Amino acid sequence: MSARAALLIIDMQRDFCMAGGYADRAGLDIARLAGPIAPIARLATAFRAAGLPVIYTREGHRPDLADCAPAKQARARAAGAPIGSRGPLGRALIRGEYGHDIVDDLAPHLDDIIVDKPGYSAFHATDLDHTLRALGIGRLVLSGVTTEVCVHSTLRSAIDRGYDCVTVADATACDDPALHAAVLGLIANECGIFGSVADTDTVCATVCAKVPA
């Protein structure tokens, strides 16, 4: 793998992975969403040891919701978890609240990069593309939640911008295992139209070859 790689850890926030957070209040299976924590921790350790960037994303909005489209707010209300509503982890999907931050087991290190995003794709209304190009990144390894929404939205945006992408099957998750499998199947369709799918062992042995898997 010749292109310099970066690890994207997408939206592994308390609001998506912990009881009382946005996803839990919306009726999603948070145990499944928290499932990738151990594989992602392993990937992050390997990338850091190899001197490769680790980039976190956090989905969330301004406290006044000025950056949250009315249609998105309506969808959240219909799901039973209005954006900005108060819950056990603070206001749902609001920057600066307890639930907005990354789960403790994946806490970013000082040299890691954090990208706050108001949408599903990590490229929408952020400086991610600029940051990646400044770092000389040509390959992205995608992990996080959810497979069918923010991971896949980010993947499609990355492919359109010319990045070579690897989605890590056991380091991504969604509420429905069948949907998770279907999305991974889409990636490999048409000879890998959206890049490739690998597992954590393979990524650690190839992208981070100097690091024992």
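Analysis parameters
Residues numbered from 1 in each chain as written. Predicted model: local features only at pLDDT ≥ 70, side-chain atom pairs only at ≥ 80, totals over all residues. Heavy atoms only, no water. Phe/Tyr/Trp six-rings, centres within 6.5 Å; stacked < 30°, edge-to-face > 60°. Buried < 20%, exposed > 50% of the residue type's maximum accessible area, 1.4 Å probe, protein only. Lys NZ or Arg CZ within 6 Å of the ring centre and 35° of its normal. Axes fitted to C-alpha atoms, helices over the stretch in contact; angles between N-to-C directions. Helix = DSSP H or I, 4+ residues; strand = E, 2+ residues; numbered from the N terminus. Parallel < 35°, antiparallel > 145°, perpendicular 65-115°, else oblique. Left-handed = near helix turned anticlockwise from the far one by under 90°. Contact = heavy atoms within 4.5 Å. Nonpolar A, V, L, I, M, F, W, Y, C, P; charged D, E, K, R; others polar. Core = buried A, V, L, I, M, F, W, Y, C linked by side-chain atoms within 4.5 Å. Polar contact = N/O pair within 3.5 Å; in protein donor to acceptor, adjacent residues only side chain to side chain. Expected span 1.5 Å × (residues − 1). Bend = angle between axes of the 7 residues up to and from the residue.

A.B. asks: Report on the packing of aromatic side chains, specifying residues and quantitative values.
C.D. replies: Tallied over the entire structure, the rule returns two aromatic pairs. Aromatic pair Phe-16 and Tyr-22: ring centres 6.0 Å apart, planes at 85 degrees, arrangement edge-to-face. Judged on exposure class, the residue Phe-16 and its partner Tyr-22 are both buried. The residue whose ring lies beneath Arg-14 is Tyr-98, and the NZ or CZ to ring-centre distance is 3.9 Å.

A.B. asks: Kindly report on the packing of helix α7 (residues 147–160) against helix α8 (residues 177–192), identifying the contributing residues and their values.
C.D. replies: Between α7 and α8, the shortest axis-to-axis distance is 10 Å and the interhelical angle comes to 15 degrees. Considered as vectors, α7 and α8 are oriented roughly parallel to each other. Considering how the two elements wind past one another, α7 and α8 form a crossing that is right-handed. Contacts between α7 and α8 involve Thr-147, Glu-148, His-152 and Leu-155 on the former and, on the latter, Leu-179, His-180, Val-183, Leu-184 and Ile-187. The residue makeup of the contact of α7 with α8, split by class, is five nonpolar, three polar and one charged.

A.B. asks: Just give me the short version of the nonpolar core, but keep the residues and values in it.
C.D. replies: Core analysis: the biggest nonpolar cluster contains 42 residues, and Phe-47 and Val-203 have the highest contact counts within it. Ranked by residues supplied to this core, first place goes to helix α4 (residues 37–49) with six residues. Contact partners of Phe-47, with chain neighbours within four places excluded, come to Ala-5, Ala-6, Leu-7, Leu-52, Pro-53, Val-54, Val-141, Val-203, Val-207 and Cys-208. Formed by 21 residues, the second largest nonpolar core is a distinct cluster that contains Ala-6, Leu-142, Leu-184 and Phe-194.

A.B. asks: For unusual backbone geometry, give the residues involved together with the corresponding values.
C.D. replies: Cis geometry is found at the peptide bond from Val-145 to Thr-146, where omega equals -15 degrees. Of note, Thr-146 is situated in the loop between β6 (139–145) and α7. At Ala-125, a residue that is not glycine, the phi angle is positive and equals roughly 60 degrees. Mapped onto the fold, Ala-125 is located in the loop between β5 (113–117) and α6 (128–134). Ala-125 gets classed as exposed once you look at its relative accessible area, which sits at 58%. One non-glycine residue, Glu-190, lies in positive phi territory at about 55 degrees. Along the chain, Glu-190 falls in helix α8.

A.B. asks: Lay out the side chain of His-152 with the relevant residues and their values.
C.D. replies: Its location among the elements puts His-152 in helix α7. One polar contact links His-152 to Arg-156, side chain to side chain, over a distance of 2.9 Å. In this structure, His-152 is in contact with Thr-146, Thr-147, Val-183, Ile-187 and Phe-194, ignoring residues within four places of it in sequence.

A.B. asks: Explain α8 to me, using residue names and the numbers behind them.
C.D. replies: Taking 1.5 Å of rise per residue, the 16 residues of α8 would be expected to cover 22 Å, and the 21 Å separating its terminal C-alpha atoms lies within 8% of that figure. The largest bend along α8 reaches roughly 25 degrees and is located at Gly-185. Buried residues of α8: His-180, Val-183, Leu-184 and Ile-187, and no others. Residues of α8 that are buried sit in contact with α7, β7 (164–173) and β8 (196–198).

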